[in-house]
Amino acid sequence: MTDPSRNMIVRMFDVYKAYGKTSALRGVSLEVASGDIVFITGPSGAGKSTLLKIIYKAEVASQGQIIVDGMNLSRIGSRQLPELRRRLGVIFQDFKLIAGRSVFDNIALVLEAAGEKPKIIEKKVMSVLRTAGIEEKARVFPPSLSGGEQQRVAVSRAVVGSPRLILADEPTASLDPDSAEQIMQLLETFHARGATLVIATHNRRIISRLKGREIRLESGSVKKQAISSDNGMEEKG
Ligand SMILES: Nc1ncnc2c1ncn2[C@@H]1O[C@H](COP(=O)(O)OP(=O)(O)OP(=O)(O)O)[C@@H](O)[C@H]1O
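What you are looking at is a predicted structure, and each value in this text was computed from that prediction instead of being measured. (Residues numbered from 1 in each chain as written. Predicted model: local features only at pLDDT ≥ 70, side-chain atom pairs only at ≥ 80, totals over all residues.)

Each helix and strand counted, the chain has seven helices and eleven strands in total. A globule of 237 residues ought to have a C-alpha radius of gyration of about 18 Å, and the chain, at 18 Å, matches this closely. A principal-axis box enclosing the C-alpha atoms of the chain has dimensions of 45 × 45 × 40 Å. Burial status across the chain gives 38% buried among its 237 residues. If you take every contact in the chain between residues at least 6 apart in sequence, the share linking residues at least 24 apart comes to 67%. (Helix = DSSP H or I, 4+ residues; strand = E, 2+ residues; numbered from the N terminus. Rg over C-alpha atoms; globule rule 2.2 N^0.38 Å. Buried ≥ 20, exposed ≤ 12 C-beta atoms within 10 Å, placed from the backbone. Contact = placed C-beta atoms within 7 Å.)

Let's shift gears to the sheet that holds strand β5 (residues 71–72). The strands making up a sheet associate through hydrogen bonds between their backbones, and the pairing can be parallel or antiparallel. Ordered by their spatial adjacency, four strands build an open sheet running β2-β1-β4-β5, and the pairing between neighbours is antiparallel. Both edges of this open sheet fall to β2 (22–33) and β5, since each of them pairs with a single strand only. (Pairing = 2+ DSSP bridges.)

Further remarks concern unusual backbone geometry. Most peptide bonds take the trans form, and the phi angle of most residues other than glycine is negative. At Asp 14, a residue that is not glycine, the phi angle is positive and equals roughly 55°. Turning to its location among the elements, Asp 14 is positioned in strand β1 (residues 8–19). The backbone of Ser 219 sits at a positive phi, close to 45°, despite the residue not being glycine. Structurally, Ser 219 can be placed in the loop between β9 (213–218) and β10 (221–229).

This part takes up the pairing of strand β6 (residues 88–92). The buried fraction of β6 amounts to four of the five residues, a majority that puts the element mostly inside the structure. Judged from the five bridges that link them, β6 and strand β7 (residues 165–169) form a sheet pairing that is parallel. From the neighbouring strand, Val 90 faces β7, where its bridge partner is Leu 167.

Once that is clear, we can look at the confidence of the model for the chain. A residue-level look at the chain finds 93% of positions with pLDDT of 70 or above and a mean pLDDT of 92. Across the chain, the secondary-structure element scoring lowest on mean pLDDT is strand β11 (residues 232–236), at 55, and the one scoring highest is helix α1 (residues 48–55), at 98. Across the interface, the model reports ipTM at 0.98; the global pTM reads 0.93. (pLDDT = per-residue confidence, 0-100.)

As a structural note, the neighbourhood of the ligand is formed by Tyr 19, Thr 22, Ala 24, Gly 42, Ser 44, Gly 45, Ala 46, Gly 47, Lys 48, Ser 49 and Thr 50. Per element, the largest residue contribution to the shell around the ligand is three residues, and it comes from α1. Per-class residue counts for the shell around the ligand are three nonpolar, seven polar and one charged. (Near = placed C-beta within 6 Å. Nonpolar A, V, L, I, M, F, W, Y, C, P; charged D, E, K, R; others polar.)

Within strand β8 (residues 196–200), five of the five residues are buried, which leaves the element mostly enclosed by the surrounding structure. Neither face of β8 is open: one carries Thr 196, Val 198 and Ala 200, the other Leu 197 and Ile 199, and all of them are buried. Across four bridges, strand β3 (residues 37–41) lies against β8 in parallel orientation. Within β8, the residue paired with Phe 39 across the bridge is Ile 199. Here five bridges tie β7 to β8, and the two strands are oriented parallel to one another. For Leu 167, the partnering residue across the bridge sits in β8 and is Val 198. You can see the chain leave β7, run along helix α6 (residues 177–192) and come back into β8, and the turn it takes is right-handed. (Right-handed = clockwise from strand over helix to strand, strands pointing away.)

Taken N-terminus to C-terminus, the directions of helix α3 (residues 103–113) and helix α4 (residues 118–131) make an angle of 130°; their axes are 10 Å apart at the nearest point. Between α3 and α4, the interaxial angle falls into the category oblique. Of the two possible hands of crossing, α3 and α4 adopt the one that is right-handed. Residues Phe 104, Ile 107, Ala 108, Leu 111 and Glu 112 of α3 pack against Ile 121, Lys 124, Val 125 and Val 128 of α4. Its residues assigned to classes, the contact of α3 with α4 comprises seven nonpolar, no polar and two charged. (Axes fitted to C-alpha atoms, helices over the stretch in contact; angles between N-to-C directions. Parallel < 35°, antiparallel > 145°, perpendicular 65-115°, else oblique. Left-handed = near helix turned anticlockwise from the far one by under 90°.)

Take the packing of helix α5 (residues 147–159) against α6 next. Closest axis-to-axis distance for the α5/α6 pair is 9 Å, and the angle between their directions is 15°. Classified by the interaxial angle, the pair formed by α5 and α6 is roughly parallel. Two packed elements cross with a definite hand, and for α5 against α6 that hand is right-handed. Seen from α5, the contacting residues are Gly 147, Gly 148, Gln 151, Arg 152, Val 155 and Val 159; seen from α6, they are Ser 179, Gln 182, Ile 183, Leu 186, Leu 187 and Phe 190. Looking at the contact of α5 with α6, its residues break down into six nonpolar, five polar and one charged.

Spelled out as structure tokens, the structure:
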């Protein structure tokens, strides 16, 4: 149910997505309020990545309505896409860093695209790297970093433009438990600073550690919504 007192950053209504004959999403309706932590869970092939891709418009829904931070995605064309993307930070399992550019430049690109001045870029990039604990890696190239460090760079890149919404697709799946923990702490830090988090994950440890809401997908449909509490997940609706 819609609570009018809460500001919804994502609203999806009856969303379908087909890839040829494969139905990846079948009638998904959900809402994410500003400041929420939401976990998208479900078995392999359930549609988790597709759901995130539709929110940042890497994929277009076959049917249904999607509103992200007030933008109706079926009404925005390629000219407004950069505006949508500026409001979002996206993190992937495989980091997706540019190997031939330094850590600093990987992150600076986001601000350059937004037209920021070099002095501001320097300040913001170094500030985010400090928060991520990898300030001394600014001039290093990504391939010489560990997986955990690369993901910290990817998180830094996702948050440097102060997006209201951070989308993470299995952000800890290729990391050892300690590195996964550090990434979650980092995401928590940015959540505490005001970002909304939507995280697709299989990792139950992450889900039980961060207080949030779980939306479970099965075969492209929402099967269950639950709120995490000190007693684990409590089913809702
Ligand atoms: N580009 C594509 N072309 C064709 N089919 C696709 C494409 N992307 C996803 N699919 C199919 O859509 C369905 C949902 O895939 P999706 O990647 O969203 O699931 P997922 O829950 O993220 O899975 P995983 O946990 O394995 O990453 C699957 O059947 C998948 O094979």
